[in-house]
Each structure stands twice: as C-alpha cells, then as structure tokens.
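A closer look at the structure
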Amino acid sequence: MADEKSMRRSRRWFSFRHSPFAILLGCALASAVYAQPYPNRPVRMIVGFPPGGAADILGRIAAQRLTEAIGQQVVVDNRGGAGGLIATEIAARTNPDGYTLLFTSIPHVINPHLYRKAAYDAIKDFTPVVQFVAVPLMMASNPSFPAKSVKDLIAIAKGKPGQVNFASAGGGSSSHLAMELFKSMTGTNMNHIPYKGTGPLITDLIAGQVSVTIASAVPLSPQVKSGKLRGLAVTSPQRSPSFDLPAIAETVPGYEVVNWFGILAPAGTPRAIVARLNKDFNAALAAPKLRQMLSAQGADAVGGTPEEFGKVIRADYAKWAKVVKESGARID
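Anyway, here's the lowdown on the structure attached to this text. (Residues numbered from 1 in each chain as written. Predicted model: local features only at pLDDT ≥ 70, side-chain atom pairs only at ≥ 80, totals over all residues. Heavy atoms only, no water.)

Quick look at the overall build of the protein
Secondary structure assignment for the protein yields 12 helices and 10 strands. Considering the protein as a whole, with its 332 residues, one finds that 48% of them fall into the buried category. Of all intrachain contacts in the protein linking residues separated by at least 6 positions in sequence, the fraction that spans at least 24 positions is 77%. Summed over all atoms, the accessible surface of the protein reaches about 15900 Å², with 56% contributed by carbon and sulfur. (Helix = DSSP H or I, 4+ residues; strand = E, 2+ residues; numbered from the N terminus. Buried < 20%, exposed > 50% of the residue type's maximum accessible area, 1.4 Å probe, protein only. Contact = heavy atoms within 4.5 Å. Areas by Shrake-Rupley, 256 points an atom, 1.4 Å probe, with all protein chains shown as cover.)

So, in structure tokens, the structure goes:
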C-alpha cells in the first residue's frame, strides 16, 4: 500500500515538474536571479604569478579595494607559470559576466611574440577595465663598474663592444627586452647573461659577476640605498616620484619602459559592468592612503578610463613585437 502511495506521489511530482506552470515558474526564478544587480556573488581575480611577487602583492591590494567597493569578496586566484601565459589563457576562456577578472602586466603584450602557440589574442580577447599602477624598472650596476651614469655606460659599451655583461631576469623577460631596447636605441653591443629570476641576478650583480642590469626597481632599490649597488637611472619617461634617480630618457630621448599593472575582463563583458568596475577602481586610486601604500611598493597610481588603458596596451603590443623580433628572443 505504501509503495502505491509513493508511486502516486512520484507521478504527481513528475507531472508537476513537466507542466507548463512549473516551467514558467522555473524561468521566472532564474530570471529573478540573473536580474539581481551586479555583483551578487564573489568575484575571482586571476593573477598570473605566484604569491610573494610584485604582481601578487599589487593584485591583492587591488582585490581588497574592490571588495570594499562592491560589497562582495574578490578572491585572488594565483595561476603562475610561463610568465603569466597560463593565467591569461584561462581568463580568455571564461564567461564574460564580470565575475572573472585578470590582473596582469606587461608580459600580457610580450608573450604573444615570444610564444608561437599562445592561445589568446592580447587585444581582441580582453576588455580593458583600468590601469592600476605604473612601475618603472631600474638600471643599476656593481659599484666597482666604472660607469656612474647612463652616458658613461654608453661610452664604455661602445669602447668595448661585446665585453660588457648585462644580467636579466630571464630570456624574453621585461628585464631582458628593456636592455635590448636600450642597445638598439644607443647602438651599443653588450653581452646578455640570463638568470632564473631577479633574486639570483641581484646576488651576482652585488658579487661583481655581472656589471649592469635593468630590472624591477622594487627589489633593486634597497640594495642601492644600502650602497651594495649603484643606481644609474629609471626607465620611466620622467623621474619617478618613488626613486631619486634620473630617467634614461634624459640621455636617450624617447626611451621608455614602464611595467604597468592593470585589470582586464574577458571580451564581451557588458559595458555597464566594465564602467562600474572602472569607477570603483578610480575612486580607490584617488585615496591618498592607497597612493602612499603603492608608492612604498615603488608603484605610481594611475587610473583613468578603459579607453586610455586600451591605448597603452595597443601601443606596447606593437612596441614589444619589434623589440622581440630584433632581439631574436623565443621561448618555444
């Protein structure tokens, strides 16, 4: 008897689930969920580098400020590997609903020229949200190296072609390509010594195993302040507010390498969501406390419109395509 009652209840539930009323009710509930204002659940911010590095530190600062602005948790998802390539490919394939963002930097536009099989288009597959900060690189040397300025380095390199060793954080890194651009613009010939990261590079530069480098200003600055290294210049177009050094451009007009960090969304993300995120990030970046925090990390707050960030991305994409080609750098 009990089995017959269970069967009747099951038939009634099956009939209800497949009735026009139930289908309409389900659609109405689904519409109600999607009609809720953005955002109504946590947002994922993918960072293409492991914890502890500049991208991770700055990405977590950006995520925290966005959390405060939107009232939803912004979760940092570190996807390190291949200089940010893996994270970028993941972000390019996600649903463009505003719930997945990419915190990225200049490798975003360099990698497509280094990797023949990069599975994303740096321009077409993403919508710019905002440039978060700009971080210049620093040219530094061992104190025993005779060059005390950019002008000195050019003169020494021209006087001894191929005999001055410069260190980079790895073949194809922004550190490597920044020096290749310098060589191209100054007509100098220096010998490239690649390292597996900035840490080993600094160790050997202090020891005098290599003479000069262009690398991230954040880890170089403490060594310069302590006298273990000599700071020669920064790669921003003007002197950086964060470092008391001249710009390379003062000696080499037009030279500029700025490692920007910014937020992208997958292509197709609704304009209203992009505008909302841009507004929230700009409000955060206008706060003096955040600007001071970023300056302490060697970063200059930027902000601005999505269109302005898009121009930076397109310009650097073309710029680094030429540098990569001329340097012959390839990862695969």
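A look at the side chain of His113
Following the sequence through the fold, His113 ends up in helix H5 (residues 107-114). Using a relative accessible area of 13% as the deciding quantity, one classes His113 as buried. A polar contact of 3.4 Å, which involves the side chain of His113, links it to the backbone oxygen of Val109. If we skip the residues at most four places from it in the chain, His113 touches Tyr317, Trp320, Ala321, Val324 and Arg330. (Polar contact = N/O pair within 3.5 Å; in protein donor to acceptor, adjacent residues only side chain to side chain.)

Considerations on the packing of aromatic side chains
Two measures describe an aromatic ring pair: the distance that separates the ring centres and the angle between the ring planes. Under the defined criterion, the tally for this structure stands at seven aromatic pairs. With a centroid separation of 6.1 Å and an interplanar angle of 75 degrees, the aromatic rings of Phe103 and Phe132 are classed as edge-to-face. Of this pair, Phe103 sits in strand E3 (residues 100-105) while Phe132 sits in strand E4 (residues 126-141); the two residues are 29 residues apart in sequence, bridging distant segments of the chain. A centroid spacing of 6.1 Å and a plane angle of 85 degrees characterise the contact between Phe182 and Tyr255, whose relative ring orientation is edge-to-face. With a gap of 73 residues between them, Phe182 in helix H7 (residues 174-186) and Tyr255 in the loop between strand E8 (230-234) and strand E9 (258-266) connect regions that are remote in the sequence. The residues Phe182 and Tyr255 share a single accessibility class, namely buried. (Phe/Tyr/Trp six-rings, centres within 6.5 Å; stacked < 30°, edge-to-face > 60°.)

A look at H5
Of all the eight residues making up H5, eight are buried; the element is thus mostly covered by neighbouring parts of the structure. Three or more residues of H5 are buried, namely Pro107, His108, Val109, Ile110, Asn111, Pro112, His113 and Leu114.

Considerations on unusual backbone geometry
Backbone torsion omega between Tyr38 and Pro39 reads -5 degrees, so that peptide bond is classified as cis. Note that Pro39 resides in the loop between helix H2 (20-34) and strand E1 (43-47).

Quick notes on the pattern of salt bridges
Under the criterion given, the structure shown has seven salt bridges. Between Asp280 and Arg276 there is a salt bridge whose closest N-O contact spans 2.8 Å. Of the two residues, Asp280 and Arg276 both sit in helix H10 (residues 271-285), four residues apart, roughly one turn of that helix. Judged by its relative accessible area of 28%, Arg276 falls in the partly exposed class. (Salt bridge = Lys/Arg side-chain N within 4 Å of Asp/Glu carboxyl O.)

So, the pairing of E9
Regular strands place side chains that alternate from one sheet face to the opposite one. Counting buried residues in E9 gives nine out of nine residues, a clear majority hidden from the surface. Residues Val258, Trp260, Gly262, Leu264 and Pro266 point to one face of E9 and Asn259, Phe261, Ile263 and Ala265 to the other, with burial holding for every one of them. Pairing geometry for E4 and E9, over nine bridges, is antiparallel. Across the sheet, residue Gln131 finds its bridge partner in E9, namely Gly262. (Pairing = 2+ DSSP bridges.)

So, the nonpolar core
For soluble globular proteins, the rule of thumb is that nonpolar side chains tend to be buried together. With 47 residues, the main nonpolar core has Met139, Leu153, Phe182, Ile248, Tyr255 and Trp320 as its most contacted residues. Those residues within four positions of Tyr255 in sequence are excluded, and the remaining contacts are Ala178, Leu181, Phe182, Met185, Ile214, Thr235, Ile248 and Ala249. Membership of the second largest hydrophobic core comes to 33 residues, among which are Val43, Phe103, Phe281 and Leu294. (Core = buried A, V, L, I, M, F, W, Y, C linked by side-chain atoms within 4.5 Å.)

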